[in-house]
Amino acid sequence: MPRTILVVDDDPHIRDVVAFALGKAGHAVETAADGAEALGMVEAGAPDLVVLDINMPEMDGLELCRQLRRGSDLPILFLSSRDDEIDRVVGLELGADDYVTKPFSPRELTARVAAILKRTAPEARGANGGAANGEGEALEKPISHRTAEGLLVVDTARHLVTWERSPVKLTATEFQLLAIMARQPGRVFDRETLMRGAYPPNIHVSDRTIDSHVRHVRAKLATAGAHGLIETVHGVGVRMTER
């Protein structure tokens, strides 16, 4: 089944280029010219991923991302002509899964979209996990990690995280990073290892990007009541606390 991608950009040429590239890659593509139109389309029927421009009239991409994140973990890839680091950080802090700047390579864009979709697919195989292969291989069992404060469960088959049976909403990238750490509590992961586990080999992101995602995971776990579940080992990396 093709996955549905919503492309949101006020530039019709960019919409056409992105839609053509994604369509050629086998995706079903819908387009919107501004944030307000896109919000209505998402509410009418959520796509599998949104490619979202930042600079738009009426409602810009950052505001649309804020509104979507109030009640959805819909994967979002920002597309923008602004390459300032602060814009990247703001986008990631709002909950975006990735960020591509203009001018961009359609091949890179489709690769990043594919990487995000792979992380959200129930049958996806992570760098350190297992999944059904259609030939009888069992889905990876949910990862259970109990501490003195409570129980964390990371269900990769259902793409679901719970703390003390209450759901914790994470983006696709945040989910993948948490699963990597949950599989090996106590192990210290540096940024490079986390990047290799969460992204395919042809995709590279900055240290700040990984830091932003980990910070988001921490904050969302803390909101759910799981304080201090991820520790920083200064100068080395991060780890999930042991039982």
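**Student:** Account for the layout of surface pockets, with residues named and values stated.
**Tutor:** The rolling of a water-molecule-sized probe over the atoms marks out the regions of remaining empty space. Of the voids in this model, the second largest pocket is the one considered here, and its volume is about 250 Å³. Contributing elements (two or more residues each) for the lining of the second largest pocket: α7 (191–198), α8 (207–223), β10 (230–233) and β11 (237–240). Grouping the constituent residues of the lining of the second largest pocket by class yields 7 nonpolar, 4 polar and 5 charged.

**Student:** Any details on unusual backbone geometry? Residues and values, ideally.
**Tutor:** The peptide bond linking Lys102 to Pro103 adopts the cis configuration, its omega dihedral lying at -5 degrees. Assignment of secondary structure puts Pro103 in the loop between β5 (98–101) and α5 (106–120). Here Glu58, not a glycine, exhibits a phi torsion of approximately 70 degrees, which is positive. Positionally, Glu58 belongs in the loop between β3 (49–53) and α3 (61–69). Among the residues examined, Glu58 registers a relative accessible area of 78% and is labelled exposed. Here the phi dihedral of His159 falls at roughly 50 degrees; this positive angle occurs in a residue that is not glycine. Structurally, the position occupied by His159 is in the loop between β7 (151–155) and β8 (160–163).

**Student:** So what's going on with the pattern of salt bridges? Residues and values would help.
**Tutor:** One pass over the full model with this rule turns up 13 salt bridges. Put simply, Arg66 and Glu63 hold a salt bridge, and the shortest N to O gap is 3.4 Å. Of this pair, Arg66 and Glu63 are both found in helix α3, 3 residues apart, which corresponds to roughly one turn of the helix. For Arg239, the salt bridge is made with Glu231, and the minimal N-O distance between the two is 3.0 Å. The class of Glu231 is partly exposed, set by a relative accessible area of 32%. Taken together, the shared-partner salt bridges in this structure form one network comprising Asp9, Asp53 and Lys102.

**Student:** Outline the sheet that holds strand β2 (residues 28–32), listing residues and values.
**Tutor:** With respect to topology, 5 strands assemble into an open sheet ordered β2-β1-β3-β4-β5, the strand pairing being parallel. Where the open sheet ends on each side, the last strands, each with one partner, are β2 and β5. Averaged over all pairs of adjacent strands, the angle between strand axes in this sheet comes to 20 degrees, irrespective of strand direction. Across 4 bridges, strand β4 (residues 76–80) lies against β5 in parallel orientation. Bridge pairing links Leu79 to Val100 in β5. Against the sheet, α3 contacts β3 and β4, and its axis sits at roughly 170 degrees relative to β4.

What counts and what doesn't
- Residues numbered from 1 in each chain as written.
- Predicted model: local features only at pLDDT ≥ 70, side-chain atom pairs only at ≥ 80, totals over all residues.
- Heavy atoms only, no water.
- 1 Å grid on protein atoms, 1.4 Å probe; cavity = no way out; pocket = protein on both sides within 12 Å on 5 of 7 lines; lining within 4 Å.
- Points joined across faces, edges and corners; volume = space filled by probe spheres on them.
- Helix = DSSP H or I, 4+ residues; strand = E, 2+ residues; numbered from the N terminus.
- Nonpolar A, V, L, I, M, F, W, Y, C, P; charged D, E, K, R; others polar.
- Buried < 20%, exposed > 50% of the residue type's maximum accessible area, 1.4 Å probe, protein only.
- Salt bridge = Lys/Arg side-chain N within 4 Å of Asp/Glu carboxyl O.
- Pairing = 2+ DSSP bridges.
- Axes fitted to C-alpha atoms, helices over the stretch in contact; angles between N-to-C directions.
- Contact = heavy atoms within 4.5 Å.

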